[in-house]
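Single-letter residue listing:
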Amino acid sequence: MKIAYTINGIFNSAGKERTLIFRANYLADNMGHDVSIITTYQAGRAPFFCVSDKVKLIDLDVRYDKEENSRFRLIKNVFLKRIHRQRLQEILEREQFDIVDSLMDFDFGFLYKIKDRSRKIAEYHFYRYSKVKEARNKLFKFLQYLRVRTWKSTVKKYDRFVVLTHEDAGYWGNLPNIEVIPNFIKLPENISSDDRKKIVLSIGRFTYQKGFDRLIDVWNIVHNNALDWKLKIIGGGDKDSIRRKIESYGLEDSVVLEDATPEIAREYCAGSLYVMTSRYEGLPMVLLEAMSYGLPVVSYDFPCGPVDIVKSGFGSLVPNGDVNRMASEILMWIKDDVKRNNGSKYAIEESKLYTEDIIMEKWKALFNGLL
């Protein structure tokens, strides 16, 4: 089978890029398919994650103007979109792919119109209204809401539309072509519980979306009832506002902020509980990864993902934004060693439902069904 993925670029470290590369590698290395990744503007930059030698990389060299204050940005991008479509169409007609899968970047609005022989898939790695959540004033929220509403008519025109969670599928309504396929995780080979410390762990970029400001509010309550435990938050981005909040509560000795690290497995093995207070996600892979390392999880019930993942045997799902309830659930887990140890075993077992072999069988079935 000849398969192509289209995406803006694969030089970033974000989850969408990582998932795409891991999946392309699996299709080429483990299933023997002919796989290509077609980027809009890679500009010679190396992929952030390792790409198999069997996966072909094709760049269209179309550089869209993303500067919000650029005077001619919209006009320029309309012109570039015509060039983009022409170059992509030439590639598709030449290569004669069986499947072309869009990650819903700049080509999303026209890929389905290209009349080559391929079946077209669109996949969305966020929750439907994440763009609305990102907007920081009422006008932009309204404009983004209108924009997102128009997407429904577009995704209907693809042969299949894939989302990550059943929760998000519900936000899209009764689409005849929608399918739910979560991302997969790679299970750790060795898990050592000997180094576990009294650490509550949370991982992610320091952005509004990840809600670490909400986590500090929670920790202010937890700390007063568990003085021997620490909160460790790991991730890239600007930490200044979180530091100021920590200082305002006097939690400097109780909260540790660290930069992102390639040695994240060591951090998972040293933690005893994982907590997530995001405002929204697509499918929080970090929850699945934490579970695979044997960490029970406590999460706000934000859209989307936790309701699909978290079960009582290994975690707690807390009404979104309920600070007192969140603090209470964290304290329950850290004070009950037996529950936490049992939860660790359950978490590992549940994470096995998201292994690459199981998830890639779902993609295999989708591809075969289309062809």
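Counting restarts for each chain: residues are numbered from 1 in the order of the written sequence. Only residues with pLDDT of 70 or above have their local features reported here, since the model is predicted, and side-chain atom pairs are shown and tallied only from 80 upward, although totals for entire chains, interfaces and linings are computed over all residues. Hydrogens are left out, water is left out, and the side-chain values use all remaining heavy atoms of the structure.

1. Some details on the overall build of the protein chain
Let me state the cut-off plainly: Numbering of helices and strands starts at the N terminus; helices are DSSP runs of H or I of at least 4 residues and strands are runs of E of at least 2. This radius of gyration counts C-alpha atoms alone. The globule rule is 2.2 Å times how many residues there are, raised to the power 0.38. Think of it in three bands: residues with accessible area under 20% of the maximum for their type are buried, residues over 50% are exposed, and the middle band is partly exposed, with areas taken using a 1.4 Å probe on protein chains only. It only takes one pair of heavy atoms within 4.5 Å for two residues to be counted as in contact. Only the protein chains shown count as cover for residues, and all accessible areas are computed by the Shrake-Rupley method using a 1.4 Å probe. Lys and Arg are tallied as positive, Asp and Glu as negative. Neither His nor the chain termini are counted. To locate a charge, take atom NZ for lysine, CZ for arginine, CG for aspartate or CD for glutamate.
Of regular secondary structure, the protein chain possesses 13 helices and 13 strands. For the protein chain, the C-alpha radius of gyration of 22 Å lies close to 21 Å, the compact-globule estimate for 371 residues. Taken along its principal axes, the extent of the C-alpha atoms in the protein chain is 65 × 45 × 40 Å. When the 371 residues of the protein chain are sorted by exposure, 53% land in the buried category. Summarising the internal contacts of the protein chain: among those between residues at least 6 apart in sequence, 63% fall at separations of at least 24. Surface exposure of the protein chain reaches about 17700 Å², of which carbon and sulfur atoms provide 48%. The positive charge centre, built from 58 side chains, and the negative charge centre, built from 51, are 6 Å apart in the protein chain.

2. Quick word on helix H4 (residues 138–155)
Quick note on the threshold: In a helix, the anticipated span is given by 1.5 Å times the number of residues less one. Directions from the helix axis toward the C-beta atoms define the arc. Polar contacts, as used here, are pairs of N or O atoms within 3.5 Å; protein pairs need one atom able to donate a hydrogen and one able to accept it. Residues neighboring in sequence count only if both atoms are side-chain atoms.
With 18 residues, H4 should cover 26 Å at 1.5 Å per step; its first-to-last C-alpha distance of 26 Å lies within 8% of that length. Residues of H4 that are buried: Gln 144, Val 148, Trp 151, Thr 154 and Val 155. Angularly, the buried residues of H4 cover 95° about the axis, an arc narrow enough to put them on a single face. With respect to the buried face of H4, the exposed residues turned more than 90 degrees away are Lys 138 and Leu 139. On its buried side, H4 packs onto helix H3 (130–134) and strand E6 (160–163). Two or three places before Leu 139, at the start of H4, stands the capping residue Asn 137, its side-chain oxygen 3.1 Å from that residue's backbone nitrogen.

3. Remarks on helix H12 (residues 337–351)
The terminal C-alpha atoms of H12 lie 21 Å apart, and with 15 residues this matches the ideal 21 Å at 1.5 Å per residue to within 8%. Considered for burial, the residues of H12 that qualify are Arg 340, Gly 343, Ser 344, Ala 347, Glu 350 and Ser 351. What you see down the axis of H12 is that its buried residues fit within an arc of 135°, all on one side. Turned more than 90 degrees off the buried face of H12, the exposed positions are Val 338 and Lys 345. The inward-facing, buried residues of H12 abut helix H9 (285–292), helix H10 (306–309) and helix H11 (323–335). Of the residues that open H12, the one with a side-chain oxygen 3.3 Å from the backbone nitrogen of Val 338 is Asp 336.

4. Re the sheet that holds strand E2 (residues 34–39)
This is how it is decided: One bridge is not enough; two strands pair if DSSP finds at least two bridges between them. Note on geometry: axes are C-alpha line fits, over the in-contact stretch for helices, and angles between N-to-C directions span 0 to 180 degrees.
Spatially, E3-E2-E1-E4-E5-E6-E7 is the arrangement adopted by the seven strands of the open sheet, whose pairing is parallel. One side of each edge strand has no neighbouring strand; the edge strands of this open sheet are strand E3 (56–59) and strand E7 (178–180). Sheet twist, expressed as the average angle between the axes of neighbouring strands with direction ignored, equals 25°. Bridge analysis of strand E1 (residues 2–7) against E2 gives six bridges, and the strand direction is parallel. Pairing of Lys 2 across the sheet is with Asp 34, part of E2. Against the sheet, helix H1 (residues 15–29) touches E1, E2, strand E4 (99–102) and strand E5 (119–123), its axis set at about 170° to E1.

5. Things to note about the packing of helix H6 (residues 212–223) against H11
A pair of packed helices can be characterised by two numbers: the angle between their axes and the separation between those axes. Threshold: If an angle is under 35 degrees, it is roughly parallel; if it is over 145, roughly antiparallel; if it lies from 65 to 115, roughly perpendicular; otherwise it is oblique. Working rule for handedness: look at the near helix, and if it is turned counterclockwise from the far one by less than a right angle, call the crossing left-handed; if clockwise, right-handed. Nonpolar residues are Ala, Val, Leu, Ile, Met, Phe, Trp, Tyr, Cys and Pro. Charged residues are Asp, Glu, Lys and Arg, and all others, Gly as well, are polar.
In the contact formed by H6 and H11, the axes pass within 9 Å of each other and the chain directions differ by 50°. By the angle between their directions, the pair H6 and H11 is classed as oblique. Along this stretch, H6 crosses H11, giving a crossing that reads as right-handed. Contacts from Asp 217, Val 218, Ile 221 and Val 222 of H6 reach H11 at Val 323, Asn 324, Met 326, Ala 327, Ile 330, Leu 331 and Ile 334. Of the residues assigned to the contact of H6 with H11, the class counts are nine nonpolar, one polar and one charged.

6. Examining the packing of aromatic side chains
Going by this rule: The rule is short: rings of Phe, Tyr and Trp, with Trp giving its six-membered ring, pair when the centres are within 6.5 Å, and they are stacked under 30 degrees, edge-to-face over 60, tilted in between. When the NZ atom of lysine or the CZ atom of arginine is within 6 Å of a ring's centre and also within 35 degrees of its normal, the charge is said to sit over that ring.
Overall, the coordinates contain 17 aromatic pairs when judged by the stated rule. Each ring, one from Tyr 129 and one from Tyr 171, has its centre 6.2 Å from the other, and the planes form 90°; the classification is edge-to-face. You can see Tyr 129 sitting in the loop between E5 and H3 and its partner Tyr 171 sitting in helix H5 (residues 166–171), a full 42 residues away along the chain. For Tyr 129, a relative accessible area of 14% gives the class buried. Given a relative accessible area of 32%, Tyr 171 falls into the partly exposed group. The positively charged end of Arg 45 is found above the aromatic ring belonging to Phe 11, 3.6 Å away from the centroid. Positioned above the aromatic ring of Trp 333, the side-chain terminus of Lys 339 is 4.7 Å from the ring centre.

7. Considerations on the nonpolar core
Side chains that are nonpolar tend, in soluble globular proteins, to be buried together. In plain terms, the rule: To define a nonpolar core, start from buried Ala, Val, Leu, Ile, Met, Phe, Trp, Tyr and Cys residues and group those joined through side-chain atoms within 4.5 Å.
If you look at the biggest cluster of nonpolar residues, it comprises 53 residues, and the most contacted ones within it are Val 200, Tyr 268, Tyr 274, Ile 330 and Ile 334. Residues Ala 4, Ile 58, Leu 92 and Val 148 belong to the second largest nonpolar core, which totals 34 residues.

8. Points about the pairing of strand E8 (residues 199–203)
Selection criterion: The handedness of a crossover follows from its direction of travel: if, with the strands pointing away from the viewer, the path from the first strand over the helix to the second runs clockwise, the crossover is right-handed.
Among the five residues of E8, five are classified as buried, and the element is accordingly described as predominantly covered. As paired elements, E8 and strand E9 (residues 230–234) share five bridges and run parallel to each other. Directly across from Leu 201, in E9, lies its bridge partner Lys 232. Running through H6, the crossover from E8 to the neighbouring parallel element E9 is right-handed. Note that E8 and strand E11 (residues 273–276) share two bridges and pair parallel. Note that in E11 the partner of Val 200 across the bridge is Leu 273.

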